[in-house]
6 protein chains.
Amino acid sequence: MNTQRDPDSPRLFDNLNEVVSRLRESRESTHKVRHRGHIRELPSRNAMHEIVEMVSAVLFPTHYGRPDLHDANIDFYVGDTLSGALSSLAEQVRRALLFSADERDPRDGGLVDKAHDLTARFADALPDIRAVLVSDLYAAYQGDPAATSISEVLLCYPGCVAIIHHRIANALYRLGVPLLPRLIADIAHSSTGIDIHPAATIGNSFFIDHGTGVVIGETAIIGRGVRLYQAVTLGAKRFPVEADGALTKGVPRHPIVEDDVVIYAGATVLGRITIGKGSTIGGNVWLTHDVPPGSNVSQAQMTSTTGM
Amino acid sequence: MNTQRDPDSPRLFDNLNEVVSRLRESRESTHKVRHRGHIRELPSRNAMHEIVEMVSAVLFPTHYGRPDLHDANIDFYVGDTLSGALSSLAEQVRRALLFSADERDPRDGGLVDKAHDLTARFADALPDIRAVLVSDLYAAYQGDPAATSISEVLLCYPGCVAIIHHRIANALYRLGVPLLPRLIADIAHSSTGIDIHPAATIGNSFFIDHGTGVVIGETAIIGRGVRLYQAVTLGAKRFPVEADGALTKGVPRHPIVEDDVVIYAGATVLGRITIGKGSTIGGNVWLTHDVPPGSNVSQAQMTSTTGM
Amino acid sequence: MNTQRDPDSPRLFDNLNEVVSRLRESRESTHKVRHRGHIRELPSRNAMHEIVEMVSAVLFPTHYGRPDLHDANIDFYVGDTLSGALSSLAEQVRRALLFSADERDPRDGGLVDKAHDLTARFADALPDIRAVLVSDLYAAYQGDPAATSISEVLLCYPGCVAIIHHRIANALYRLGVPLLPRLIADIAHSSTGIDIHPAATIGNSFFIDHGTGVVIGETAIIGRGVRLYQAVTLGAKRFPVEADGALTKGVPRHPIVEDDVVIYAGATVLGRITIGKGSTIGGNVWLTHDVPPGSNVSQAQMTSTTGM
Amino acid sequence: MNTQRDPDSPRLFDNLNEVVSRLRESRESTHKVRHRGHIRELPSRNAMHEIVEMVSAVLFPTHYGRPDLHDANIDFYVGDTLSGALSSLAEQVRRALLFSADERDPRDGGLVDKAHDLTARFADALPDIRAVLVSDLYAAYQGDPAATSISEVLLCYPGCVAIIHHRIANALYRLGVPLLPRLIADIAHSSTGIDIHPAATIGNSFFIDHGTGVVIGETAIIGRGVRLYQAVTLGAKRFPVEADGALTKGVPRHPIVEDDVVIYAGATVLGRITIGKGSTIGGNVWLTHDVPPGSNVSQAQMTSTTGM
Amino acid sequence: MNTQRDPDSPRLFDNLNEVVSRLRESRESTHKVRHRGHIRELPSRNAMHEIVEMVSAVLFPTHYGRPDLHDANIDFYVGDTLSGALSSLAEQVRRALLFSADERDPRDGGLVDKAHDLTARFADALPDIRAVLVSDLYAAYQGDPAATSISEVLLCYPGCVAIIHHRIANALYRLGVPLLPRLIADIAHSSTGIDIHPAATIGNSFFIDHGTGVVIGETAIIGRGVRLYQAVTLGAKRFPVEADGALTKGVPRHPIVEDDVVIYAGATVLGRITIGKGSTIGGNVWLTHDVPPGSNVSQAQMTSTTGM
Amino acid sequence: MNTQRDPDSPRLFDNLNEVVSRLRESRESTHKVRHRGHIRELPSRNAMHEIVEMVSAVLFPTHYGRPDLHDANIDFYVGDTLSGALSSLAEQVRRALLFSADERDPRDGGLVDKAHDLTARFADALPDIRAVLVSDLYAAYQGDPAATSISEVLLCYPGCVAIIHHRIANALYRLGVPLLPRLIADIAHSSTGIDIHPAATIGNSFFIDHGTGVVIGETAIIGRGVRLYQAVTLGAKRFPVEADGALTKGVPRHPIVEDDVVIYAGATVLGRITIGKGSTIGGNVWLTHDVPPGSNVSQAQMTSTTGM
């Protein structure tokens, strides 16, 4: 009963000290490794979000950049925005390297050098990334009868957001940068509902329409000119288990999709199977075996209707 | 090899100039049309986001507006917020008109007049939009056993966010405003996972429960009192192709759903078919043909279970 | 025709007064109850968003908190952040209590006392919530072959975001706080595509992979060590209807999932059925009946392939 | 010597706990009264800053308000901005009343009622405040040969900022609101270098040019049409001392300046003296005695010049 | 008496409507001219503040710009920041031109062209402005024994802020841009206490130490190498009056200060007099007549001291 | 002539490239030293501003901190805010050390260690700083008949802001931290008009009333219980010149003011003179010689009045 307590005593904070102590105990019992010695700053999701927005603006300045761009000032904008993105990315790469290192001193100058080197290589890759993304945009424009212009694709298509994030994340992944590619993939997943593992290999002219619920696994390999619709899964059929019962990590376990394949909404493709070039996989199809090039796979339809 | 380079030289920016040049080349080779002459400001996604939030607050001020509203100040709030929303929308409409025009001078006063006119017509439509949205809210409250009040629907239901965005986007679409309706639809898609093309025609008392993965296509027509669950697709079965291989744009290709139909989670309805009044379409059903009024369509269930 | 009007007269605001009046009429006709008397501030979604972020930082400060945390300052950070979260939460709880009360004076001191009491109880629950969440994190790390560390799970997994939000929302739900649990659930739904009703009961070591499209209903009961994949529905089969045609609210109508069950992507489990301990439900399975412990339920696969 | 300490141990936070403890001791020894019982929120300088900006926008909406104001929307803007300002001010008034009360419970409903009452009275006074401020603006325009328009005065004159703040602060002072008038005066002092005690009585058509260093004391009385320049002091000559050695508070001790007086830069006027109507006080004059109406007081000039 | 009123009725907003009406009447009676026809957006003080900060960063990028600047990225930064500043300034110049025009249509394209032209000319002047400012910085470094580096002058000296603002404001003034120069001057005045009319002519190597209270009038002319201390006034002695009693505007009425003059704190120099080259004016001197080159003017000191 | 140019071509950016080049030339010719090699981040004024605000909140949490502080949470707030302030200050100290070093590598770990050490020493000094500041607050409360409480002094007195900044800046100065003390002093100067060199030595119970225009020089020494009014200068009489014509830096050249001295508004005290204990210096007095303890120095008053 509360009736006896002093009305002036704000019960709100009465247990604050105790809760803080119990949380410390909880951390200490479960999380023993980190923070004994020096401070280890983790990569920041917000920072990565801003970096990807800056890189997107560098790649497509008239659509994602400032509204007043013109031939006379666009290179200044691109150079300055890129410069800011690289400074910030280099710091996040440093943190990611430190995060994945076992016993590194955070003030180790070598980490800074390595982070700068990886970041500069990433910058080098941007013009090629842009070229591939342009092929993706054209694929979207040509693949959706509702699309009225490339600009509409850039501004309004979640599939466009997803592929830009993926190509950036994948470039960092291939450079060996830890953690950041996953952060970028999850940022895209959160805003689009499209979940592409950064390690997935995807050819150019790739288009995902609508997209919510699409999942593309870590070891998937996708050719050129592939088109997916919402809720398509390119997943693993089963997970190999180690002798000790733990899941084996890193084994190829996701599909290979060859060039010019179309996979309609809701199709589930599982395991290290190959969908041959030019095949069409129908909506809701459940596929766990190879199909030869040029196949049409559709779900057998069985519904029962009862009338009035 | 890095060993010879001056440790003071931050490699981070060494290739900055070159990357900027290569990006310029990439833009010039792929993107020839825009920005030769004057500056064309594109519509802004952030601006549209804020406009929709302001319009939502105008429509439901006690739920989406300031917390201190009262009979004595609510009209001032509504009038001022609407006024700000219209100023900002008029500018976005101007940009959208300019964007879709072929060779328009951005300082053309006629565009401003047209944008003001379209924006004022949009304002005119708001009370009617509100009336339809109120029917949608009641449909949600009555359609979900977990809903405890209309306010809870307004504050917590993604289907509510989706339908408010859609009715705003559709009103702009019907006025002939380019691009902005798609932007609004994609903003709603990103936050709810519900993807409704702004051109879709939807009757009142409409409710989508849970909603993630719902797709409603450009030419879909939905009657009154319809209820959808998550992952329902009202899509196109196939895309007509032009003689030149390009997809034909704008052809009616999505379903007609008559009054009082319920479609359960995961159902896929494809093509210009009609679902008759009062029908129920079961979960996961794959439907590509007309069904008469009052039908119950359910998936034939086939699962194989193996026990211990 | 516009040709006669004064070009100086901005038509933009010509109908502002009239639209404001018609919106007021619309509010008055549909929304009679609220705001006759005093001001009732509704709970704020943005405030709840910040509160959940602060509570997440309190639970996992080195991952969601400030980057400079260290043994020497971490308790100050946790205590101060928790203190700010509790102050803000107490105000939201007060609003929620007022919102659900019928005829309460907003300045009623008793509401403040009750809000403080409920908020302090919530604080008490945090160490236990943390312990359960740690079990969830280990389940994620062990359940996904692509996961490389617990930190990666905390930073990059939408399933992690969803379960943190759920455990916070559920704690408030069990304390009897109205509305706020739903707000928290919808905030998580919007960012992850995972829709868990705050009333759902979920045991520890729970993991959702990918997650987009998952729906877990109000009366679902989930045991320990359960793993779900994207687009799994634990839903109601049908809704009991009252004599007056309204849906009955609050009846147990969602599945019971026993310990150590795995449910693969796209499976739909409907009604108050029980999935026995240790069972595996395959992808896309449609399940509406009990299955005994140790079962393997898989979809009968029927696809028709036509080749070149 | 640093060489022995562990390089991983960040000395930065080593003494954090001890410093926090010593600060607590310092607070406890010097500041015994407050915060034993409940929380007393102090008025917020930032909140008062925003309130004065909102009230300024209410008074002169086309200069200090939104840029898109027009006959059709200006009253909505004024009403909504005023409404927001009053809500916020009422809360600050409540805090100020609580602050000055001896043993008040912060949740005492009577304080809220009194704060609402005072705030509504302040609102009532605004049209009259505006009328006086308009006279001040005309005085500035006519009094400065460099002024080109009333708008320039509103946008660019620190004397205008100072008098708007003063008339707002003085209205609250006359209503008996504690502390807030001083906060407003100091906000103006900080941005203009003009220090007017909120209790000072100032007639209409008042103008301060340049203004830096002007000081007008608590009990000063200034007539109509008075003009001051920078660094003018209307101060106290001496401070009466109580029997116990403390300064006596509240005694009239600052000058009376009658109508149409001009006081040039750097003049110092001290004590409860009267400067008669229409007098001119020259730059740098030091004045501690009454002067009759129509006087010209100038400094005797004495400089010694030594040439090359 | 309040005892009878409904406690639920928040008196706070009871008079809102009436106050809004009375404010409208007040505006209509005093402020007849503006806003009858179209909307006239006034220049924005906040926008000018940001523009001056951007221009300062363009002039001294390593001190006022981003912290990561380096040979490889500095020109991108300068070009992009300048480009943003010019876009924003062009809009403010357009508003200022419209503001000073009598009956101009705000959509008049000619105003845009004129604003662009004036803004581009301002850009042209920036390298020369920078050269003069560098001379000012060296003068500060050499003139203050407490200064330890040029960087300290740039970061910590209010005189440096004041002269940068003045040289920018004066360049716009000489181009004939209305209002904006005054806004810039008042922004500097507010942050430094130094009040320089934008029309004042100031030679290079100019330094103001401490600075609070300095006033330099509209028609003042200052040579090279002049040094001022706090509270120096270069003002008008009297204001010529027109036949109708109004002050004559624009007449030369402030001092001419020749090269290499030093004026110590608190000196007041009034009227169109000339201080000859190389003269020194002592602290607190009151000077209203010409002094020949090389003079030393000091105040005759008269103080009376009474001891214990 | 403009008539020939393409109206579409925005002249606004035509000279952008050229201006950027000329600015680069200007930088290269005048500013040769910096930025040849690595990036040197300068201390940030904004960062120092935030640090001083955080430290002020640490010292007086109930006045400058969060509004919800209470016995139960105040130490968490103080510890967390202090921790954040120290992290940020350590980085600024590192930059300041680097800035003042001649040829230091910015990645030199030794600088980090030294910065951490100096920052921790600064933290150590905070309780003593607080004790002195409390004496200053009491001096203000007792010295101004208009002050109604210590809280009013903390919230509304510019002299309070100035002395808090000074005592922080002076502590850093005595630790040998370069540049940052000057930045803090100038931040206070900008908001209060009070300019105290961070090297000035000031005893406890110090109070400045009104304050605009006060200047206290680098080598001034002020005893206990001293009170100053606005526009008082404690300055240098003349600047010793080196053989090469440069000013000698660092020589004692400002006054010594002994305990319990009062100096009224506008007094100018110049040179290494001593004002004896308990003396009173009148307003506008010009003082350049020693005065013995207990003196009263007042200006001989000479004004000429001409009446009607």
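Just so we're clear, the structure is a prediction, and the values are computed from it rather than from any experiment.

Criteria and cut-off values
Residues numbered from 1 in each chain as written. Chains lettered and ligands numbered in written order. Predicted model: local features only at pLDDT ≥ 70, side-chain atom pairs only at ≥ 80, totals over all residues. Heavy atoms only, no water. Helix = DSSP H or I, 4+ residues; strand = E, 2+ residues; numbered from the N terminus. Buried < 20%, exposed > 50% of the residue type's maximum accessible area, 1.4 Å probe, protein only. Contact = heavy atoms within 4.5 Å. Areas by Shrake-Rupley, 256 points an atom, 1.4 Å probe, with all protein chains shown as cover. Least-squares fit on C-alpha atoms with pLDDT ≥ 70 in both. Expected span 1.5 Å × (residues − 1). Buried area = accessible area lost by both parts, 1.4 Å probe. Salt bridge = Lys/Arg side-chain N within 4 Å of Asp/Glu carboxyl O. Polar contact = N/O pair within 3.5 Å; in protein donor to acceptor, adjacent residues only side chain to side chain. Phe/Tyr/Trp six-rings, centres within 6.5 Å; stacked < 30°, edge-to-face > 60°. Core = buried A, V, L, I, M, F, W, Y, C linked by side-chain atoms within 4.5 Å. Pairing = 2+ DSSP bridges. Domains from an automatic or database assignment. pLDDT = per-residue confidence, 0-100. Axes fitted to C-alpha atoms, helices over the stretch in contact; angles between N-to-C directions. Parallel < 35°, antiparallel > 145°, perpendicular 65-115°, else oblique. Left-handed = near helix turned anticlockwise from the far one by under 90°. Nonpolar A, V, L, I, M, F, W, Y, C, P; charged D, E, K, R; others polar.

Further remarks concern the overall build of chain A. When its secondary structure is counted, chain A shows eight helices and 15 strands. The buried share among the 308 residues of chain A stands at 62%. Expressed as a percentage of contacts within chain A between residues at least 6 apart in sequence, the contacts between residues at least 24 apart total 46%. Here chain A displays about 11000 Å² of accessible surface, and carbon together with sulfur accounts for 51% of that area.

What follows concerns the relation of the copies chain A and chain B. When chain A is fitted onto chain B, the two copies agree to an RMSD of 0.0 Å after a turn of 120° and an axial shift of 0.0 Å. Interpreted geometrically, this transformation is the action of a three-fold axis. Here only 8% of the interface residues in chain A have copies in chain B that are interface residues too; the copies meet through unlike faces.

Taking 1.5 Å of rise per residue, the 13 residues of helix α8 (residues 180-192) of chain E would be expected to cover 18 Å, and the 18 Å separating its terminal C-alpha atoms lies within 8% of that figure. The buried fraction of α8 of chain E is high, at eleven of 13 residues. Taken together, the buried positions of α8 of chain E are occupied by Leu180, Pro181, Arg182, Leu183, Ile184, Ala185, Asp186, Ile187, Ala188, His189 and Thr192 of chain E. In the core, the buried residues of α8 of chain E are packed alongside α6 (150-156) and α7 (158-174) of chain D together with α2 (45-59), α4 (74-100), α7 (158-174) and β1 (195-196) of chain E. Backbone geometry just downstream of α8 of chain E places Gly193 of chain E in the positive-phi region, at approximately 75°.

Let us now look at the interface of chain A and chain B. Across the boundary between the two partners, chain A contributes 66 residues, which contact 65 residues of chain B. With both sides pooled, the region where chain A packs onto chain B buries about 5600 Å², and carbon together with sulfur makes up 55% of that total. The largest share of the area that chain A buries against chain B comes from Arg130, Pro145 and Leu155 of chain A, three residues that together contribute 11% of it. For the interface between chain A and chain B, the tally reads four salt bridges. For Glu152 of chain A, the salt bridge identified is with Arg182 of chain B, shortest N-O distance 3.3 Å. On inspection of chain A and its partner chain B, the count reaches 14 residue pairs in polar contact (both at pLDDT 80 or more).

Following the criterion strictly, the structure yields 18 aromatic pairs over all chains and no others. Here the aromatic rings of Phe60 of chain A and Tyr64 of chain A are separated by 6.4 Å at their centres, their planes lie at 85°, and the arrangement is edge-to-face. On the accessibility criterion, Phe60 of chain A (5% relative accessible area) is buried. For Tyr64 of chain A, a relative accessible area of 26% translates into the label partly exposed. Relative to Phe207 of chain C, the ring of Tyr157 of chain C has its centre 6.4 Å away and its plane inclined at 45°; by these criteria the two rings are tilted. Here Tyr157 of chain C is found in the loop between α6 (150-156) and α7 (158-174), whereas its partner Phe207 of chain C is found in strand β3 (residues 207-208), with 50 residues between them in sequence. We note that Tyr157 of chain C, like Phe207 of chain C, is buried.

Our next topic: the nonpolar core. Judged by nonpolar contacts, the single largest core of 540 residues is most densely connected at Ile263 of chain A, Ile216 and Ile263 of chain B, Ile216 of chain C together with Ile216 and Ile263 of chain E. With residues up to four places along the chain from it excluded, the contact list for Ile263 of chain E reads Arg227, Leu228, Tyr229, Val232, Leu234, Val257, Val269, Ile275 and Ile281 of chain E.

Further remarks concern the sheet that holds strand β7 (residues 233-235) of chain A. Residues and elements named next belong to chain A. The five strands are arranged β1-β4-β7-β10-β13 in an open sheet whose pairing can be described as parallel. The open sheet is flanked by β1 (195-196) and β13 (286-287), the only strands paired with a single partner. In the sheet, β7 pairs with strand β10 (residues 268-270) via three bridges, with the strands oriented parallel. Residue pairing in the sheet places Thr233 in a bridge with Thr268 of β10.

Moving on, we come to helix α2 (residues 45-59) of chain A. Helix length check: α2 of chain A, at 15 residues, gives a terminal C-alpha distance of 21 Å against a target of 21 Å (1.5 Å per residue), a fit within 8%. Looking at where α2 of chain A begins, the residue whose side-chain oxygen comes 3.3 Å from the main-chain nitrogen of Asn46 of chain A is Ser44 of chain A.

Turning to the environment of Ile208 of chain E, a few remarks are in order. Residue and element names in this part refer to chain E. Mapped onto the fold, Ile208 is located in strand β3 (residues 207-208). Taking C-alpha positions, Ile208 is 5.0 Å from Gly159, a pair spaced 49 residues apart along the chain. The contact partners of Ile208, leaving out residues within four places of it in the chain, are Gly159, Ile194, Ile196, Val214 and Leu228.

Our focus in this paragraph is the environment of His63 of chain F. Residues and elements named next belong to chain F. In this fold, His63 is placed in helix α3 (residues 61-64). Under the relative-accessibility criterion, His63 is labelled buried at 8%. In this structure the C-alpha to C-alpha distance between His63 and Ser151, which are 88 residues apart in sequence, comes to 7.3 Å. Polar side-chain contacts of His63 include one of 3.3 Å to the side chain of Thr62.

Time to look at the environment of Glu41 of chain A. Looking at the secondary structure, you find Glu41 of chain A in the loop between α1 (16-30) and α2. In this structure, the C-alpha to C-alpha distance between Glu41 of chain A and Phe99 of chain A, residues 58 residues apart in sequence, is 8.0 Å. Discounting chain neighbours no more than four positions away, the residues touching Glu41 of chain A are Glu91, Arg94 and Arg95 of chain A together with Pro67 of chain C.

On to the domain arrangement of chain A. Domain annotation of chain A identifies domain 1 (42-193) and domain 2 (213-308). On a C-alpha basis, the centroid separation for the pair domain 1 of chain A and domain 2 of chain A is 28 Å.

Another aspect to go through is unusual backbone geometry. The phi dihedral of His210 of chain C is positive, around 60°, even though this residue is not glycine. Position of His210 of chain C among the secondary structure elements: in the loop between β3 and β4 (215-216). Of note in the backbone geometry, Leu179 of chain E takes a positive phi value of approximately 65° without being a glycine. Residue Leu179 of chain E is classed as buried on the basis of its relative accessible area, which comes to 8%.

The subject of this paragraph is the sheet that holds β4 of chain C. One open sheet accounts for five strands, arranged β1-β4-β7-β10-β13 (chain C); its pairing is parallel. One side of each edge strand has no neighbouring strand; the edge strands of this open sheet are β1 (195-196) and β13 (286-287) of chain C.

On to the confidence of the model for chain A, then. Summing up the model confidence of chain A, the mean pLDDT is 88 and the portion of residues at 70 or higher is 86%. Under a pLDDT of 50 for its full length, residues 1-9 of chain A has, in the predicted model, nine contacts with residues more than four places off or in other chains.

The geometry of helix α4 (residues 74-100) of chain D relative to helix α1 (residues 16-30) of chain E is characterised by a closest axis approach of 10 Å and an angle of 130° between their N-to-C directions. Here α1 of chain E runs oblique to α4 of chain D, going by the angle between their axes. As for how α4 of chain D packs across α1 of chain E, the hand of that crossing is right-handed. Contact with α4 of chain D, carried on its side by Ile74, Asp75, Val78, Gly79, Leu82, Ser83 and Leu86 of chain D, involves Leu16, Val19, Val20, Leu23, Arg24 and Arg27 of chain E of α1 of chain E and no other residues of that element. Here the contact of α4 of chain D with α1 of chain E is composed, by residue class, of eight nonpolar, two polar and three charged.

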